[in-house]
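What follows is each chain in one-letter form.
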Amino acid sequence: MADRKAELERKKAKLAQMREEKKRKEDRKKKEDTEQATKQSGKTAVHTDADELLKDLGIPLSASSSASAGSSPQKATDKVESVQSSAARSSPRVSKKLQMTQVTQTNIPPRELVTYTKETQTPHETAERDGHIVLDHGNELLEGPRIASPRYGSPHSIGSNHRFGYPHLEWDDEFGLHDDDADSVDVPVSTPPSHLHKMPQVEMVQPHATPEDQVKKEEPVREISEEEKQQVMMSEDFKRFFERTSRVMERAITEQDKGIFIDYVGASKDAESNGQPGERLKISRDFFDERWSKHRNVTCLDWSTQFPELLVASYGTNEESPHEPDGVALVWNAKFKTTTPEYIFHCQSAVMSTCFAKFHPNLIIGGTYSGQIVLWDNRSNRRTPVQRTPLSSASHTHPVYCVNVVGTQNAHNLISVSTDGKMCSWSLDIFSQPQDSMELQEKHAKSVAVTSFSFLSGDVNNFVGGSEDCSVFTACRHGSKAGIGEIYEGHQGPITGIDCHTTVGQIDFSSYFLTSSMDWTIKLWSIKEQKPLYSFEDNNDYVLDVKWSPVHPAVFASTDCMGRLDLWNLNNDTEVPTASLHVDPNVALNKCKWHSNGHLIAAGDDQGRIYMCDVGESIANPRLDEWSKFAYTLQEIRTNMAENEDTSADPIR
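For clarity, every value in this text was computed on a predicted model and none was experimentally measured. (Residues numbered from 1 in each chain as written. Predicted model: local features only at pLDDT ≥ 70, side-chain atom pairs only at ≥ 80, totals over all residues. Heavy atoms only, no water.)

### Some thoughts on a nonpolar patch on the surface
(1) Moving on: Nonpolar side chains collect at one region of the surface, where Met-518, Trp-520 and Tyr-542 lie side by side and expose about 290 Å² of accessible area between them.
(2) Moving on: Within the secondary structure, Met-518 is located in the loop between strand E24 (512-517) and strand E25 (522-526).
(3) Moving on: According to the relative accessible area criterion, Met-518 is partly exposed, its value standing at 34%. (Patch = residues over 30% accessible without salt bridge, like charges linked within 9 Å, V, L, I, M, F, W, Y side chains within 5 Å. Areas by Shrake-Rupley, 256 points an atom, 1.4 Å probe, with all protein chains shown as cover. Salt bridge = Lys/Arg side-chain N within 4 Å of Asp/Glu carboxyl O. Helix = DSSP H or I, 4+ residues; strand = E, 2+ residues; numbered from the N terminus. Buried < 20%, exposed > 50% of the residue type's maximum accessible area, 1.4 Å probe, protein only.)

What follows is the structure in structure tokens.
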């Protein structure tokens, strides 16, 4: 019961509070109404003042306007504005006086106008023809007579009745008859303003430099510590950069040539051959390095097919420097007069043979005295081989005097032969084991100690070889007759060099080959004949190498132990060489190699020096009838050989 009474008391108190709140709201509303009535009375006084002002101006007020003075404030205001506008229209226009003034010219670049259509996006174009103005508006051509308008001049220069000639391009009240500048001087305009035909000018604006940027520019260069210097100098990037720039600077010092920036690592293709003709045969320069080639005999030479000016030479052991590597391969550049090799490679066994990988210009192959085949890469900073074959029964274990890459761009192999008669075929990607191998044996299972070999022209299967036991043989890699085929007897000493005829011309002479021997002779052979066709006996010491010219069918070169380089032209003479060069009687010329252009030949001696010899044009350049003359020469040789067989047991000697 007590709770019920308490609840009733609370409700009564709340009801009394609501009544008081309602009463306060009513008092506030009455007060606001009183203030609003006071403001309206003030506005009525303002309207009364406006009416008195109009009366002073002589403008009579209509009864309706007087009656509406007490109407709503909005209507009264509208009436005042309408009266003022009518008074402005009825007031007479005061003529203005004109006077001369100074003209100020202002050049404001036009705004670029771009029109978008469904097909193309082109700016408006204005053209003039026959006194008419044609506007290209999107895909429509709008044409009309030239009419003076605010676009081209004053709208009143022709007459007040003339309007803009293109009504579909104007808007309401664009050109009125009562413009503010109606009394201005008319200026006739004959052509549109020139800026309508100009393209907008675009200028680069430099970004605003912030205080942080200015602080960065003024920062001093920090000097690196000795430890950081050593770290930079030992990095691979720095070594590659230093080796490249030092080579370029050496060329710049010794050469006045624009091609000093040729990069052979990047496989640049703008290399040029450097064959300079001479009178007959002369030395143009030599290659020698005090550290790497001194007291080493040159064992093999090969020119690059990708970069014809690069020559690789392999060297044997230096007996006077036991701490130096046993085997060295140097790449020389015949284009520049530099005195240092382009690349230096070495290994722990004397390099007996070397060649450029024919289809990989960055790879160099070497055959060593220990039997290993090594592979160098000039893209690597290492001077040691990047790959090498294992010393096992599956590969070579005897000196390798013969290496060559045969095949095509997409299918080629490295062929190597060692002095134990083992021939291996390798993939340049995998040196862990040969892809194929075979034993070169004579009858009665006697192994052949191969010292040199040469593949027939355009053939990757058949080749000829020479051995230490004075024999010459033919052999093939595949087929039912794989191995040694025919054996030719004729030399009385070990075979030092052999080369097949590879000159391409009108007649095919690929069946002929030359051999050099320690019996002081050079012999001409045919794979179709068991005996030599001819023996060249002008030398007085060991003949150490022989090579056919790559361009002339009847020319070949030979070297001997007396330091003599001979050039033979069989079309001129078969008894004596056409040209001879005595390099030094105290050295032996071990190897020779023709350049691909036939105008340059390299010869290496037993002291580590390589001689570059220029061949005269009269010897190097073949005439058109050289192939037919050489065929006639060979026929004469065969005839003489047949006659000698009838009179002597020795057909040649």
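Back to the text.
### Some details on the pattern of salt bridges
(1) Moving on: Tallying each qualifying case throughout the model produces 15 salt bridges.
(2) Moving on: The residue Arg-379 makes a salt bridge to Asp-377 at a minimum N-O spacing of 2.9 Å.
(3) Moving on: Judged by its relative accessible area of 45%, Arg-379 is partly exposed.
(4) Moving on: In this structure, Glu-626 and Arg-623 form a salt bridge, with 3.4 Å as the shortest nitrogen-oxygen distance.
(5) Moving on: Connected through salt bridges with shared partners, the residues Asp-538, Asp-560, Arg-564 and Asp-566 form a single ionic network.

### So, the pairing of strand E19 (residues 450-455)
(1) Moving on: Counting buried residues in E19 gives six out of six residues, a clear majority hidden from the surface.
(2) Moving on: Two successive antiparallel strands, E19 and strand E20 (residues 462-467), enclose a turn made up of six residues, where Gly-458 displays a positive phi of approximately 70 degrees. (Pairing = 2+ DSSP bridges.)

### Some remarks on unusual backbone geometry
(1) Moving on: At His-295, a position not held by glycine, the phi torsion is positive, near 60 degrees.
(2) Moving on: Assignment of secondary structure puts His-295 in the loop between strand E6 (281-287) and strand E7 (298-303).
(3) Moving on: His-295 gets classed as partly exposed once you look at its relative accessible area, which sits at 30%.
(4) Moving on: At Cys-470, a position not held by glycine, the phi torsion is positive, near 75 degrees.
(5) Moving on: Note that Cys-470 resides in the loop between E20 and strand E21 (472-476).

### Remarks on the sheet that holds strand E29 (residues 564-569)
(1) Moving on: With antiparallel pairing, the four strands of this open sheet are ordered in space as E27-E28-E29-E30. Two strands bound the open sheet, and with one partner strand each, they are strand E27 (543-548) and strand E30 (579-582). Each adjacent strand pair in this sheet contributes to an overall mean axis angle of 15 degrees, direction not counted.
(2) Moving on: Across five bridges, the pairing between strand E28 (residues 555-560) and E29 is antiparallel. (Axes fitted to C-alpha atoms, helices over the stretch in contact; angles between N-to-C directions.)

### Focus on the sheet that holds E7
(1) Moving on: Spatially, the four strands line up as an open sheet ordered E7-E8-E9-E10, and their pairing is antiparallel. Strands at the two margins of the open sheet, each flanked by one partner only, are E7 and strand E10 (343-347). Each adjacent strand pair in this sheet contributes to an overall mean axis angle of 15 degrees, direction not counted.
(2) Moving on: As paired strands, E7 and strand E8 (residues 310-315) are joined by five bridges and run antiparallel to one another. Bridge pairing in E8 links Asp-302 to Val-312.

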